[in-house]
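# Coordinate inspection notes
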Amino acid sequence: MDTILPERTTDADWREASAGELVSYLVTRFHERHRVQLPELIRLARRVEHVHAGRELCPAGLADVLEGLQQELESHMLKEEQVLFPMLANGMGAKARGPITVMLFEHDQHNSALEAIDRITRQLTLPADACNTWQALYGQLDTFRKDLTRHIHLENNVLFLKASNAGEGAHHG
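So, here is what we can say about the structure in this document.

### As for the overall build of the protein chain
In terms of regular secondary structure, the protein chain is built from five helices and zero strands. When the helices and strands of the protein chain are listed from N to C terminus, the series reads α-α-α-α-α. Each of the three principal axes of the protein chain carries a C-alpha extent, and together these read 65 × 45 × 25 Å. In the protein chain, which comprises 173 residues, the share counted as buried stands at 40%. Put simply, 77% of the contacts in the protein chain that link residues at least 6 apart link residues at least 24 apart. Surface summary for the protein chain: the accessible area is close to 9400 Å², and the carbon and sulfur share equals 54%.

Written out as structure tokens, the structure is:
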């Protein structure tokens, strides 16, 4: 009989997981999802901006912010997948300090893009007569924001913290 592993939903659950398990989860649950989410968000944003240009609540500039974030995020995720994650999964946390510092800086940039999205969309405030496309855009943006925030949190506060603690132990052990 196959053993079904419990879903790891809390930070404590993920702190108990191996770096390899967490890396695999981050790639399949977040990286792959962001690669699907962003092109669709950009498409919807362009459409809303085109159709509703000039309206007071029109999220002017949103598609450009999303395109910039898509480029940053794709570059960032590739660096993680090709360099940092293999290091961490192989227990090389002590050697990963430089790459982790870069990733933390880039996470701050992603959070700044989320703040810009909040400003442009007025915290995802829809006009009373918003069309279906506009409603879909903001609904999907809300999901993306939550996903990206959780993604960054798990990397910063679980995966990278575990790696730096392992690195500390290696130096003092």
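### Some thoughts on the nonpolar core
Counting 25 residues, the largest nonpolar core has L62, L66, L137, L141 and F144 as the members making the most contacts within it. Looking at this core, the elements that each hand over two or more residues are α2 (19–51), α3 (62–89), α4 (97–121) and α5 (132–172). Per element, the largest residue contribution to this core is seven residues, and it comes from α5. Those residues in contact with L66 that sit more than four places away from it in its chain are L38, L41, I42, A45, I117 and L141.

### A closer look at α3
When the local axis directions of α3 are compared, the greatest deviation, roughly 45°, occurs at E80. Of all the residues in α3, the buried ones are L62, A63, L66, L69, L73, H76, M77, E80, L84, F85, M87 and L88.

### Describing the environment of Y25
Within the element layout of this structure, Y25 appears in helix α2. Using a relative accessible area of 18% as the deciding quantity, one classes Y25 as buried. In this structure, the C-alpha to C-alpha distance between Y25 and K95, residues 70 residues apart in sequence, is 22 Å.

### What about the pattern of salt bridges?
A complete count under the given rule lists twelve salt bridges for this structure. Across the pair R43 and E40 runs a salt bridge, and its minimum N-O distance is 2.8 Å. Taken together, the residues R43 and E40, both in helix α2 and three residues apart, mark about one turn of the helix. Residue classification places E40 among the partly exposed positions, given a relative accessible area of 27%. Because the salt bridges share partners, they merge into one network encompassing D118, D142, R145 and K146.

The rules behind the values
- Residues numbered from 1 in each chain as written.
- Predicted model: local features only at pLDDT ≥ 70, side-chain atom pairs only at ≥ 80, totals over all residues.
- Heavy atoms only, no water.
- Helix = DSSP H or I, 4+ residues; strand = E, 2+ residues; numbered from the N terminus.
- Buried < 20%, exposed > 50% of the residue type's maximum accessible area, 1.4 Å probe, protein only.
- Contact = heavy atoms within 4.5 Å.
- Areas by Shrake-Rupley, 256 points an atom, 1.4 Å probe, with all protein chains shown as cover.
- Core = buried A, V, L, I, M, F, W, Y, C linked by side-chain atoms within 4.5 Å.
- Bend = angle between axes of the 7 residues up to and from the residue.
- Salt bridge = Lys/Arg side-chain N within 4 Å of Asp/Glu carboxyl O.

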